[in-house]
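So the chains spell out like this:
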Amino acid sequence: MSDSVSGCTEPRTGIPEAELEALVRGICFKTGPPRRLGVEVEWLVHELRTPQLPVTPERLAAAYAALRTVPLDSALTVEPGGQLELSSQPADSLMECIGTVSADLAAVRAALAEHGLGLAGIGQDPWHPPRRFLHERRYDAMETCLDRTGPAGRAMMCTSASVQVCLDAGYEEPGPLGLGRRWWLAHQLGAVLVAAFANSPMAGNEPTGWLSTRQLLWVEIGTGRAGGPALDTDPREAWTRHVLDAPVMCIRQDSGPWDVPEGLTFREWVRSGVPRQPTREDLDYHVSTLFPPVRPRGHLELRMIDAQPGDDGWIVPLAVTTALFEDPGAAETAYRAVKPLAERALSLPAPHNPLWIDAARHGLADPELHEAAIACFAAALEALPRLGAATEVTDAVSAYLDRYVIRGRCPADDLLDRVHGTDRRHPHGKDIRT
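Below: a short report on this structure. (Residues numbered from 1 in each chain as written. Predicted model: local features only at pLDDT ≥ 70, side-chain atom pairs only at ≥ 80, totals over all residues. Heavy atoms only, no water.)

**What to know about the overall build of the protein**
Working step 1: Within the protein one finds 17 helices and 9 strands.
Working step 2: Taking 434 residues into account, the globule formula puts the C-alpha radius of gyration at 22 Å, and the protein, at 21 Å, falls close to it.
Working step 3: When the backbone C-alpha atoms are referred to their principal axes, the protein occupies close to 65 × 55 × 40 Å.
Working step 4: Relative to its full complement of 434 residues, the protein shows a buried share of 57%.
Working step 5: Put simply, of all contacts in the protein between residues at least 6 apart along the chain, 75% involve residues at least 24 apart.
Working step 6: With the model as given, the accessible surface of the protein reaches about 17,200 Å², and the carbon-plus-sulfur share is 52%. (Helix = DSSP H or I, 4+ residues; strand = E, 2+ residues; numbered from the N terminus. Rg over C-alpha atoms; globule rule 2.2 N^0.38 Å. Buried < 20%, exposed > 50% of the residue type's maximum accessible area, 1.4 Å probe, protein only. Contact = heavy atoms within 4.5 Å. Areas by Shrake-Rupley, 256 points an atom, 1.4 Å probe, with all protein chains shown as cover.)

**A word on the pairing of strand β2 (residues 75-78)**
Residues in a regular strand point their side chains to alternate faces of the sheet.
Working step 1: Sheet topology note: the β2/strand β3 (residues 84-87) ladder contains 4 bridges and is antiparallel. Bridge pairing in β3 places V78 opposite L84.
Working step 2: Hairpin connection, β2 to β3: the antiparallel pair is bridged by 5 residues, and G82 has positive phi, about 95°. (Pairing = 2+ DSSP bridges.)

**A look at the packing of aromatic side chains**
Working step 1: Per the stated rule, a full pass over the model turns up 10 aromatic pairs.
Working step 2: Each residue in the set F197, F377, Y400 and Y404 is aromatic and connected to the rest through ring pairs, giving one cluster.
Working step 3: Sitting above the plane of the W43 ring, R109 keeps its charged end 5.1 Å from the centroid.
Working step 4: Here R181 stacks its cationic end above the ring of Y335, 3.7 Å away from the centre of that ring. (Phe/Tyr/Trp six-rings, centres within 6.5 Å; stacked < 30°, edge-to-face > 60°. Lys NZ or Arg CZ within 6 Å of the ring centre and 35° of its normal.)

**Details of the nonpolar core**
Working step 1: Counting residues in hydrophobic clusters, the biggest one holds 126 residues, and the most contacted among them are L84, L189, W314, L318, L324, L369 and F377.
Working step 2: Tallying contributions element by element places helix α6 (residues 179-196) first for this core, with 12 residues.
Working step 3: Every residue in contact with L369, bar those within four places of it in the chain, is listed here: A191, V192, A195, L341, L355, D358, A359, G363 and L364.
Working step 4: If you look at the next biggest cluster of nonpolar residues, it comprises 6 residues, including A198, M202, C410 and L416. (Core = buried A, V, L, I, M, F, W, Y, C linked by side-chain atoms within 4.5 Å.)

**A look at the environment of D92**
Working step 1: The topology assignment puts D92 in the loop between β3 and α3 (94-113).
Working step 2: When the C-alpha atoms of D92 and A75 are compared, they prove to be 17 Å apart, with 17 residues separating the residues in sequence.
Working step 3: Among all residues touching D92, those that are not within four sequence positions of it are R35 and R36.
Working step 4: Of the polar contacts made by the side chain of D92, one reaches the side chain of R36; its length is 3.1 Å. (Polar contact = N/O pair within 3.5 Å; in protein donor to acceptor, adjacent residues only side chain to side chain.)

**Overview of the pattern of salt bridges**
Working step 1: If you walk through the whole model with that rule in mind, you get 32 salt bridges.
Working step 2: Residue D245 pairs with R267 through a salt bridge whose shortest N-O separation is 2.7 Å. Of this pair, D245 sits in helix α9 (residues 235-245) while R267 sits in helix α10 (residues 266-272), and the two are 22 residues apart along the sequence.
Working step 3: Classification of D245 by relative accessible area gives partly exposed; the value is 37%.
Working step 4: The class for R267 is buried, based on a relative accessible area of 13%.
Working step 5: Among the salt bridges present, the one from D358 reaches R344, with a minimum N-O distance of 2.9 Å. Taken together, the residues span a long stretch of sequence, with D358 in helix α14 (residues 354-362) and R344 in the loop between α13 (328-338) and α14 at a distance of 14 residues. (Salt bridge = Lys/Arg side-chain N within 4 Å of Asp/Glu carboxyl O.)

**Some thoughts on the pairing of β3**
Working step 1: Judged by which residues are buried, β3 turns out to be covered on both faces: L84 and L86 on one side and E85 and S87 on the other are all buried.
Working step 2: Bridge count for strand β1 (residues 37-47) against β3 is 4 bridges, and the pairing is antiparallel. If you follow E40 over to β3, its bridge partner there is S87.

**Points about the packing of helix α4 (residues 137-147) against helix α5 (residues 152-159)**
Working step 1: Where α4 meets α5, the axes come as close as 7 Å, and the angle between the chain directions of the two elements is 145°. Packed against α4, whose contacting residues are Y139, M142, E143, L146 and D147, the element α5 presents G153, R154, M156 and M157 at the interface. (Axes fitted to C-alpha atoms, helices over the stretch in contact; angles between N-to-C directions.)

**Remarks on unusual backbone geometry**
Trans is the prevailing form of peptide bonds, just as negative phi is the prevailing case for residues other than glycine.
Working step 1: Here the amide bond leading from V274 into P275 is cis, since omega sits at 5°, within 30 degrees of zero.
Working step 2: Along the chain, P275 falls in the loop between α10 and α11 (280-288).
Working step 3: Omega for the peptide link from A350 to P351 comes to 0°, which places this bond in the cis form.
Working step 4: Take P351: it is sitting in the loop between α13 and α14.
Working step 5: Unusually for a residue other than glycine, N205 sits at a positive phi of about 65°.
Working step 6: You can see N205 is positioned in the loop between β6 (202-203) and β7 (206-207).
Working step 7: Despite not being glycine, L346 has its phi angle at roughly 55°, a positive value.

**Side note on α9**
Working step 1: Of all the 11 residues making up α9, 8 are buried; the element is thus mostly covered by neighbouring parts of the structure.
Working step 2: Turning to α9, its buried residues are P235, R236, A238, W239, T240, H242, V243 and L244.
Working step 3: Buried residues belonging to α9 abut α1 (17-28), α6, α8 (223-226), α10, α11 and β8 (294-296).
Working step 4: Here α9 starts with a cap whose side-chain oxygen sits 3.0 Å from the backbone nitrogen of R236, and that cap is D234.

By themselves, these are just geometric observations and shouldn't be taken as functional.
Laid out in structure tokens, this is it:
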């Protein structure tokens, strides 16, 4: 479930455009009974005693070398700036997923602690500027490409962290568990998840004016690389067109630096065949370089949630999102709750529309997002026991509802309160009354 692309043993031969379109349609949306789920949790790695101090590359390298000897069920990967990511295997239940990842995280924390390091659940590093830890051709090419739209790309690569929830695409039928409904819901509910779990209000030790600065980075990277497709047509058709008309990040070479063309779409590359014909492997790789808030890769990756504070903070967005998609009653409630919000998107793809921008900037201080969030969290809380959630999970969701959602707050507000030296005022100047 990570961005890595598995090795390809097929011959490096070109594929006709029509066949490429068929591959995108068939591979990215694999439908069936929604029953499997997963999570990818990213963390900033910091000095255990003084998180504000940067960790040297040498210490990170030593810690990661030790971590690779620790047996884990989840896949462990390292992000370009040294962030750590655990990607679960597909699980058959929410509790199976939580149990496996929790055990893996405990083992990871123990191994890191031996090196004097810890994990921080923050969506955007509030202290340190972007700094590359991994120097690989993929990331060299990515940096060159993203630099063309400004500094946001480097910050995304090196200083951001998230909780990504992965769900089946759905049934081939209408209704709350159908492919079309789940695709639409992911993009509208996504704004509510951005607002409710915003946890990145700072960069360079200063407030940015956004509760989710991490989401701001995706907006600034641009629509071609970080935007989603339009929602006014069949999901398969919309995504296929989006993939083929998106700019190519790089053309890989067997040796030497990878080419980084400017303004070349994948469709244009197929038609021109220059500098060589793209292959099936190139298509797979191209899809991995697109970062929309909802990415279909045989399942749906929901990529809009900031990393959460606390050892177990990631469990709440996983549980809430799973309940709102997997329980038919909760899915129907969520659909009705977010339907009025769709008008604010102005038919523009996420995250580059007013709804998503307001969610990232203001969080649940936005009255309509606040109302929708309360309805969605209440529906999730009611549905979780039906999905077999343990008491400690429902208690965590209930506590989050009381502490944040009902009060129109999110974890970013706590960070800003500490900066401002107050816990009674909202960062946008509104008094908090409980």
